[in-house]
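Breakdown of the fold
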Amino acid sequence: MATEDYFWGKLKNISKFPACFGIIFFFAFAALSAEASSRAAQKRSQGDVRTLAVAVQCYSVDWDSYPDTGGKVIPFQEINSLPTIKNKIVPDYLREFVPKDGWQKGPYYYVSNGKHFVIYCLGSDGRADKDLDVIIKQHLDGGKLEYTKTGCYENDIAWGDDAFIRAPEGPQKHCK
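Residues numbered from 1 in each chain as written. Predicted model: local features only at pLDDT ≥ 70, side-chain atom pairs only at ≥ 80, totals over all residues. Heavy atoms only, no water.

A word on the state of the cysteines. Per the stated rule, a full pass over the model turns up 1 disulfide. Bridging C152 to C175, the disulfide has an S-S length of 1.8 Å. Handedness here is read from the sign of the S-S torsion; for C152 and C175, about -75 degrees, the answer is left-handed. Of the two residues, C152 sits in strand 4 (residues 148–152) while C175 sits in the segment after strand 6 (163–173), which places them 23 residues apart along the sequence. (Disulfide = S-S within 2.5 Å. Helix = DSSP H or I, 4+ residues; strand = E, 2+ residues; numbered from the N terminus.)

The following block contains the structure:
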């Protein structure tokens, strides 16, 4: 009888063992899944910014200037309603508008003075980086900007005229 109690007592302890692994596996999988989701959203946003920039560049080849917002930032979807636009970006240069960034938090933004343009999206936190206004102003004034690598999902992604001026590169992490 004592042997049976000892045996069943050990068996009860063993049955808790797989449950602990299940809980640990669940949290590890959830963390990896969230990381993969953030990376995918960031890559999608980066690709979308590039696609929108190519459409604006094609427009400038045809009309010798970029669609001018007078230096005012607008959501990219409003580009066709600019009074200065000669050909509609959609459908002439882009099949359809990309409504929201990869995180589904906000639109892509466009600003131009006719000579230079910037297209950007906010990072995963939905807030503009502290220096974004300065970068946009410098670029529109014709200043050559250094390419900035980002390592955080929360950092903005920005394209100026013919290249990224801020984009993710290398391993990424949540910084905020």
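There is more to say after this.
All right, on to unusual backbone geometry then. Here the bond from V90 into P91 is cis, since omega is 15 degrees, no more than 30 degrees from zero. Within the element layout of this structure, P91 appears in helix 2 (residues 89–92). You will see that Q104, though not glycine, has its phi angle at about 60 degrees, which is positive. Within the secondary structure, Q104 is located in the loop between helix 2 and strand 2 (109–112). Relative accessible area serves as the criterion here: at 45%, Q104 is assigned to the partly exposed category. (Buried < 20%, exposed > 50% of the residue type's maximum accessible area, 1.4 Å probe, protein only.)

Mapped onto the fold, N80 is located in the loop between strand 1 (74–75) and helix 2. Only 2.7 Å separates the side chain of N80 from the backbone nitrogen of I89, close enough to count as a polar contact. If sequence neighbours within four positions are ignored, N80 has contacts with I85, K88, I89, V90 and F97. (Polar contact = N/O pair within 3.5 Å; in protein donor to acceptor, adjacent residues only side chain to side chain. Contact = heavy atoms within 4.5 Å.)

Two pairing modes exist for strands in a sheet, parallel and antiparallel, and in both the strands are linked by backbone hydrogen bonds. Taken together, 6 strands build an open sheet; the order of strands is 1-2-3-5-6-4 and the sheet is mixed. Edge strands, defined here as strands with exactly one partner in the open sheet, are strand 1 and strand 4. Bridging between strand 3 (residues 117–121) and strand 5 (residues 157–160) involves 4 bridges; their strand directions are antiparallel. Looking at the pairing, V118 lines up with G160 of strand 5. (Pairing = 2+ DSSP bridges.)

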